[in-house]
Amino acid sequence: MNTIVNGLQWGDEGKGKIVDYLTESADFVVRGQGGNNAGHTVIVGENKYILHLVPSGILWPGKQNVIGNGVVLDPLGLIQEIATLEDQGVTISPDNLLISDRAHVVLPYHCDLDAAQEQARGKFAIGTTRRGIGPAYSDKATRNGLRLADLLDPGMARELVSVRLEDANQFLGLHNMDSHDPAAILTAVEGALERLRPHVTNTIPTLHQAWKTGQNIVFEGAQGTFLDVDFGTYPFVTSSNTTSGGACTGSGLPPVAIDRVVGVCKAYTTRVGEGAHITENQELSDYLHGLGREFGATTGRKRRCGWLDCVLLRFACMVNGVTDLAVTNLDGLDEREEIRVCTAYDLDGIEHSYPPAQRDAWERAKPIYESHPGWMSDTSGCRSWEDLPGNARNYLDRLSELAGAPVRYVGIGPDREQTILL
Ligand code: IMP
């Protein structure tokens, strides 16, 4: 059984936890897109792990993890992440982590270009994580990128980085940022590359072999549907396809290899960075932050919180082909007397069931809400559908109806055991 796990909102839906849950019966866990802009938090017993590039299957013994060709990989960030995991007692070797030789690399100048581009955007700044993700993906698309296979060949790397920097340094200079020296860049990443070299391989035949021999593969999506460069709230998006198709192009496994798509959403909606958020609600944000919830795993920024937006959810289930919904953080709403759900947008007096493409429409759209009574009780100890309070079950039933997909998993806390399977 091959399963894609995707975020249905703006990232941070709790995918790490659902992937971790599904990993128990998996042989392979694969990342196909994004970079270390992602932050997945997984809690195992007393230990909290924050993963950026390494698939969360690393926390299980005997699982092969793959960073696929569609990922943009910062070698310095990755070795730091590996070192932190090793300090926490996780063993990492080519037996449990393989990296595609086709993955593009993020080098220090990509991070500076990210900052310079944000500065150049002025009031249109996106609020990126400044991890160089956009510049690395644009270098890939303009055929100016370096793949790991190139970087592992010192002569080739020197030539490619020198040519790229001629242009990149000019842009950085225009924005009063220091230029980069090709030799210094390559020296800076040398040690990291040597650490990673044994892991780098052609991962595509390995994954096909796993598929053909009936092993279970879980694809761990990073970010969420509305950060997708095609389907998201463009231009306030990331630079990869975060939706289910990205798992195929990002790994080399074809769509026919996929058996199910698990879409993960919170019981409410959050977003970090700039851009539209139709159901954003200051009072709910303050409430959740007051509970110590909803701070970004990568940048520590406060997430902007709001009610569940089913216009987004409906569209996300459509473009991802969601077969199973996983609703996380239900316990965040435990003490709310009234719970609101956005069922449609009012745009200039016309009701819309799907998100608009026009940039200015996001500023004019108003949420149309329906109201649900809260359950006003602690769900964190619930272990079955029957354990959940009646109003929580009604809320989930309505969510499923509005989204057009069945709820299969409900998250009621950060621990591995706090996931109800329906
Ligand atoms: P970038 O991916 O760093 O270019 O950032 C583009 C947008 O995506 C910004 O609004 C980021 O805050 C957002 N973003 C990127 N990765 C994540 C993530 O893993 N979770 C939530 N938001 C993210």
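These figures come from a predicted structure and were not determined experimentally. (Residues numbered from 1 in each chain as written. Predicted model: local features only at pLDDT ≥ 70, side-chain atom pairs only at ≥ 80, totals over all residues. Heavy atoms only, no water.)

As for the packing of helix H11 (residues 310-320) against helix H13 (residues 390-403)
It is at 8 Å that the axes of H11 and H13 come closest, and there the two elements cross at 55°. When the axis of H11 is compared with that of H13, the two are oblique. Note on element contacts: H13 touches H11 through Leu399, Leu402 and Ala403, opposite Cys310, Leu313, Arg314 and Cys317. Of the residues in the contact of H11 with H13, the class split is six nonpolar, no polar and one charged. (Axes fitted to C-alpha atoms, helices over the stretch in contact; angles between N-to-C directions. Helix = DSSP H or I, 4+ residues; strand = E, 2+ residues; numbered from the N terminus. Parallel < 35°, antiparallel > 145°, perpendicular 65-115°, else oblique. Contact = heavy atoms within 4.5 Å. Nonpolar A, V, L, I, M, F, W, Y, C, P; charged D, E, K, R; others polar.)

Considering the sheet that holds strand E2 (residues 28-31)
Taking strand neighbours across the sheet as the criterion, the ten strands line up as E9-E7-E5-E2-E10-E1-E11-E15-E19-E20 in an open arrangement whose pairing is mixed. The sheet is open, and its two borders are formed by strand E9 (200-201) and strand E20 (419-421), each paired with just one other strand. In terms of strand pairing, strand E11 (residues 260-266) meets strand E15 (residues 324-328) through five bridges, oriented parallel. When the sheet's bridge partners are listed, Gly263 is paired in E15 with Leu325. Contacting E15 and strand E19 (407-411), H13 runs over the sheet at an angle of about 135° to E15. (Pairing = 2+ DSSP bridges.)

What to know about the pairing of E11
Of all the seven residues making up E11, seven are buried; the element is thus mostly covered by neighbouring parts of the structure. Going residue by residue along E11, you find Arg260, Val262, Val264 and Lys266 tucked away on one face and Val261, Gly263 and Cys265 tucked away on the opposite face as well. In terms of strand pairing, strand E1 (residues 2-7) meets E11 through five bridges, oriented parallel. Across the sheet, the residue bridging to Ile4 is Val261, located in E11. (Buried < 20%, exposed > 50% of the residue type's maximum accessible area, 1.4 Å probe, protein only.)

Some points on the site of the ligand
Looking at the ligand, there are 16 residues lining it, with Asp12, Asn37, Thr129, Thr238 and Arg301 nearest. Thr129 is positioned with one of its side-chain polar atoms (N or O) 2.5 Å from an oxygen atom of the ligand. At 2.6 Å, a side-chain N or O of Thr238 approaches an oxygen atom of the ligand. Relative to its unbound accessible surface of 470 Å², the ligand loses 97% to contact with the protein. Class assignment of the residues belonging to the shell around the ligand gives a composition of six nonpolar, eight polar and two charged. (Near = heavy atom within 4 Å. Polar contact = N/O pair within 3.5 Å; in protein donor to acceptor, adjacent residues only side chain to side chain. Areas by Shrake-Rupley, 256 points an atom, 1.4 Å probe, with all protein chains shown as cover.)

Details of helix H10 (residues 282-290)
Taken together, the buried positions of H10 are Leu284, Ser285, Leu288 and His289. All buried residues of H10 lie within an arc of 130° about the axis, which places them on one face of the element. Exposed residues lying more than 90 degrees from the buried face of H10 are Gln282 and Gly290. Among the structural elements, strand E13 (304-306) are those in contact with the buried residues of H10. Two to three positions downstream of the cap, the backbone nitrogen of Glu283 sits 3.0 Å from a side-chain oxygen, assigning the N-cap of H10 to Asn281. Of the residues one or two after H10, Gly292 is the one with positive phi, at around 80°. (Arc of directions from axis to C-beta.)

Side note on the side chain of Thr243
Along the chain, Thr243 turns up in the loop between strand E10 (217-220) and helix H9 (245-249). Only 2.6 Å separates the side chain of Thr243 from the side chain of Asp228, close enough to count as a polar contact. Not counting chain neighbours up to four residues away, the residues in contact with Thr243 comprise Asn6, Thr225, Asp228, Phe231, Val319 and Asn320.

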